[in-house]
Amino acid sequence: MPMITPGADIQTVLTTFEVTPGTCDDLLDELRDAYANVISNQPGFVSAALHVNDARTRIANYSQWRRREDFQAMLRTDEMRVRNRRITALCRSFEPVMVEVVAVFD
């Protein structure tokens, strides 16, 4: 369950992907499969969510990890190196950014 709480001892990663409407669903399929079969099974994984804009030109990914090192270790696995090459081929650009939750509004 996501822990969107200021000051939580969690590493939050926001990743945005720039895509074309023609590759949006392909990238969503790749990301869903990666989370279902690889990422969610990695040590330190807490939760994730995928979001897509109505023009289908941007995908945003919100993920949480116990520690920064857990996220980095997941990226270095052989499986994710292969998957990230496929992901890179499907988007114009993507950028993961580690952030701190500073405020939450309900």
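Now for a quick tour of the structure. (Residues numbered from 1 in each chain as written. Predicted model: local features only at pLDDT ≥ 70, side-chain atom pairs only at ≥ 80, totals over all residues. Heavy atoms only, no water.)

## Side note on the side chain of Arg-83
Right, on to step 1. Mapped onto the fold, Arg-83 is located in helix α3 (residues 78-90).
Right, on to step 2. Of the residues examined, Arg-83 reaches a relative accessible area of 7% and is grouped as buried.
Right, on to step 3. A polar side-chain atom of Arg-83 sits 2.7 Å from a polar atom in the side chain of Glu-79.
Right, on to step 4. Setting aside anything within four residues of it in sequence, one finds Arg-83 in contact with Glu-30, Asp-33, Ala-34, Asn-37 and Val-38. (Helix = DSSP H or I, 4+ residues; strand = E, 2+ residues; numbered from the N terminus. Buried < 20%, exposed > 50% of the residue type's maximum accessible area, 1.4 Å probe, protein only. Polar contact = N/O pair within 3.5 Å; in protein donor to acceptor, adjacent residues only side chain to side chain. Contact = heavy atoms within 4.5 Å.)

## Notes on the sheet that holds strand β3 (residues 58-65)
Right, on to step 1. Overall, antiparallel pairing links the four strands, which are arranged β2-β3-β1-β4 in an open sheet. One side of each edge strand has no neighbouring strand; the edge strands of this open sheet are β2 (45-52) and β4 (93-99). This sheet shows a mean twist of 15 degrees between the axes of neighbouring strands, independent of strand direction.
Right, on to step 2. Of the pairings in the sheet, the one linking β2 to β3 comprises seven bridges and is antiparallel in character. Note on β3: the bridge partner recorded for Ser-47 is Gln-64.
Right, on to step 3. Of the strands in this sheet, β1 (11-18), β3 and β4 touch helix α2 (residues 68-76), which is tilted by about 155 degrees from β4. (Pairing = 2+ DSSP bridges. Axes fitted to C-alpha atoms, helices over the stretch in contact; angles between N-to-C directions.)

## Observations concerning the packing of aromatic side chains
Right, on to step 1. Taken as a whole, this structure holds four aromatic pairs when the rule is applied.
Right, on to step 2. Centroid distance Phe-17 to Phe-94: 5.4 Å. Interplanar angle 25 degrees. Geometry classified as stacked. On the criterion of sequence distance, the pair formed by Phe-17 in strand β1 and Phe-94 in strand β4 is long-range, its members being 77 residues apart.
Right, on to step 3. Both rings, one in Tyr-35 and one in Phe-45, keep their centres 6.0 Å apart while their planes meet at 50 degrees; by these two values the pair is tilted. You can see Tyr-35 sitting in helix α1 (residues 21-37) and its partner Phe-45 sitting in strand β2, a full 10 residues away along the chain.
Right, on to step 4. Grouping aromatic residues by their ring pairs yields a cluster made of Tyr-35, Phe-45, Trp-65 and Phe-71. (Phe/Tyr/Trp six-rings, centres within 6.5 Å; stacked < 30°, edge-to-face > 60°.)

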